[in-house]
There are 2 protein chains.
Amino acid sequence: MKKYLEILRKCPLFDQIEEEDLLRMLGCLGARVEHFDKKYTILAEGNPAKYIGIVLSGSAQIHQVDYYGNRSILSEVGAAQLFGEAFACAEIQAIPVSVIANEPCEIMLIDCSHILHTCSNNCGFHQQLIFNLMKDLATKTILFHRKIEIVAKRTTRDKLMAYLMLQAKVAGSNTFEIPFDRQELADYLEVDRSGLSAEISKLRKEGILENRRNLFKLL
Amino acid sequence: MKKYLEILRKCPLFDQIEEEDLLRMLGCLGARVEHFDKKYTILAEGNPAKYIGIVLSGSAQIHQVDYYGNRSILSEVGAAQLFGEAFACAEIQAIPVSVIANEPCEIMLIDCSHILHTCSNNCGFHQQLIFNLMKDLATKTILFHRKIEIVAKRTTRDKLMAYLMLQAKVAGSNTFEIPFDRQELADYLEVDRSGLSAEISKLRKEGILENRRNLFKLL
DNA sequence: GAATTTCTGTTGAATTTTCAACAAACGGAG
DNA sequence: CTCCGTTTGTTGAAAATTCAACAGAAATTC
């Protein structure tokens, strides 16, 4: 576990936890690490909602697929970020989404009941972990607000511009890279891919943006 | 405060808190109660994100209004439910939404910093409150997943049917009442009101549902 | 480095939504 | 009970999306 210390220190779940305590805690929590190749399913829809996942390297996406097979991408999860925590913390039966490896990645899985319910060793870190989970969930809720603000727009152009302007703001620059290819971006914005491509072309011709694949520049 | 005890006991924030402790706690937290008439603004966009609100009676809606004045309704908050907790817990500067009284209502407001940061009396309930907030935020996250699942659909009909089927499931019955009028439902589903009315008529003619104003029956 | 697979952009037709305007139905106030 | 403001339903035209199909570009594989 030692080699993961650097990334785990950046993980919001372990905020305010001293490095020396972290290793002991991981043992107590029964944390395990697994490797997943690109496109592999880390957690499948319908699986028990037991685990909190931590992305140690690479990245993952949260997918929702409806009855007709239409894919919707809820979010992108990068290094040091959590996934599955909402379902585990709410103690629901099964997760309603799938978590897919977006590139080869290493994932730490922790049984959430070990965090929520005090362990036999009665180690004093549960309170801090629960506080950190609360903070993380509050942040995730705000991210969902932003996503809804984007998909609430009625046209592909407005959705795209709202998304790109947010990304520029997050990146702190007019030039930025997005973590999606075209189909994924369409599935995140909840629009048709070909229409999205057409809209990007149109914006380029109008001189509103420049782009090369995933690299965008707002003018 | 005593007259609010019954409703406060149902509030997820005070889960596992004994009734006798609750009153003392409210003083310690500096809780105050305000009345709002229908359509009044309880919290306005841009306000400091200090307060957690609890609906004691009536109901409220979370509104998001974009640059062009288009309203989007994020959620309905009924009696004993919380609002604003995500913004307060994430300790962001200002709230990005407005909370509007949907009918005459009584609202309890609590400065969240009193919950998050141990008070001078060092009363032992902070841990339970933080745990409860975590649970509540996890539940709210799942509600947002459901909302996104609905608005991800591409047609008014699909959004409407996804919404109605969810409401029927929640109500545990094919007959149920929804908390929105037509314009509000349109703003929740992120579609055009007149198109929504037309779609409801069409579904009725096709024998898929019956309705009288807010009362729906799926067949 | 050639072949193959994946991704992106383009187009036109069909479908659907939005928009604006109006009429009918409803509900509350006096 | 009647009046009046609000809500809901209806319609047609304009705008936008989706869908399907294909071609070119880029990346991956062998």
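Draft legend 1. Quick look at the domain arrangement of chain A. Residues and elements named next belong to chain A. Domain boundaries assigned for chain A yield domain 1 (2–144) and domain 2 (153–218). The C-alpha centroid of domain 2 is placed 29 Å from the C-alpha centroid of domain 1. Facing eight residues of domain 1, the contacting portion of domain 2 comprises seven residues. Across the domain 1/domain 2 interface, buried area totals approximately 620 Å², and carbon plus sulfur atoms make up 43% of it. Per-residue buried area on domain 1 facing domain 2 is highest for Arg-71, Ile-73 and Glu-76; these three make up 65% of the total on that side. Where domain 1 meets domain 2, there are one salt bridge.

Draft legend 2. Spatial organisation of the protein's contact with DNA strand D. The local shell around DNA strand D holds 18 residues, among which Thr156(A), Asp192(A), Arg182(B), Ser197(B) and Ser201(B) are the closest. Considering the 4 Å shell around the protein, atoms of DNA strand D inside it are sugar or phosphate in 67% of instances. Take Asp192(A): an N or O atom from its main chain is 2.7 Å from a phosphate oxygen of DNA strand D. Taking Arg182(B), its side chain carries an N or O atom lying 2.8 Å from a phosphate oxygen of DNA strand D. Those elements giving two or more residues to the surface near DNA strand D turn out to be α8 (193–205) of chain A together with α7 (182–189) and α8 (193–205) of chain B. No other element matches α8(B), which puts four residues into the surface near DNA strand D. Grouping the amino acids of the surface near DNA strand D by side-chain chemistry returns one nonpolar, eight polar and nine charged.

Draft legend 3. Main features of the interface of chain A and chain B. Each partner contributes residues to the interface: chain A has 36 residues there, and chain B has 36 residues. Surface buried jointly by chain A and chain B totals about 3400 Å² across both partners, of which 69% is contributed by carbon and sulfur atoms. Ranking the residues of chain A by area buried against chain B places Met134(A), His145(A) and Ile148(A) at the top, with a combined share of 19%. In this structure, the connection of chain A to chain B is made through four salt bridges. For Lys135(B), the salt bridge identified is with Glu91(A), shortest N-O distance 2.2 Å. Linking chain A with chain B are twelve residue pairs in polar contact (both at pLDDT 80 or more).

Calculation rules
- Residues numbered from 1 in each chain as written.
- Chains lettered and ligands numbered in written order.
- Predicted model: local features only at pLDDT ≥ 70, side-chain atom pairs only at ≥ 80, totals over all residues.
- Heavy atoms only, no water.
- Domains from an automatic or database assignment.
- Contact = heavy atoms within 4.5 Å.
- Buried area = accessible area lost by both parts, 1.4 Å probe.
- Salt bridge = Lys/Arg side-chain N within 4 Å of Asp/Glu carboxyl O.
- Near = heavy atom within 4 Å.
- Polar contact = N/O pair within 3.5 Å; in protein donor to acceptor, adjacent residues only side chain to side chain.
- Helix = DSSP H or I, 4+ residues; strand = E, 2+ residues; numbered from the N terminus.
- Nonpolar A, V, L, I, M, F, W, Y, C, P; charged D, E, K, R; others polar.

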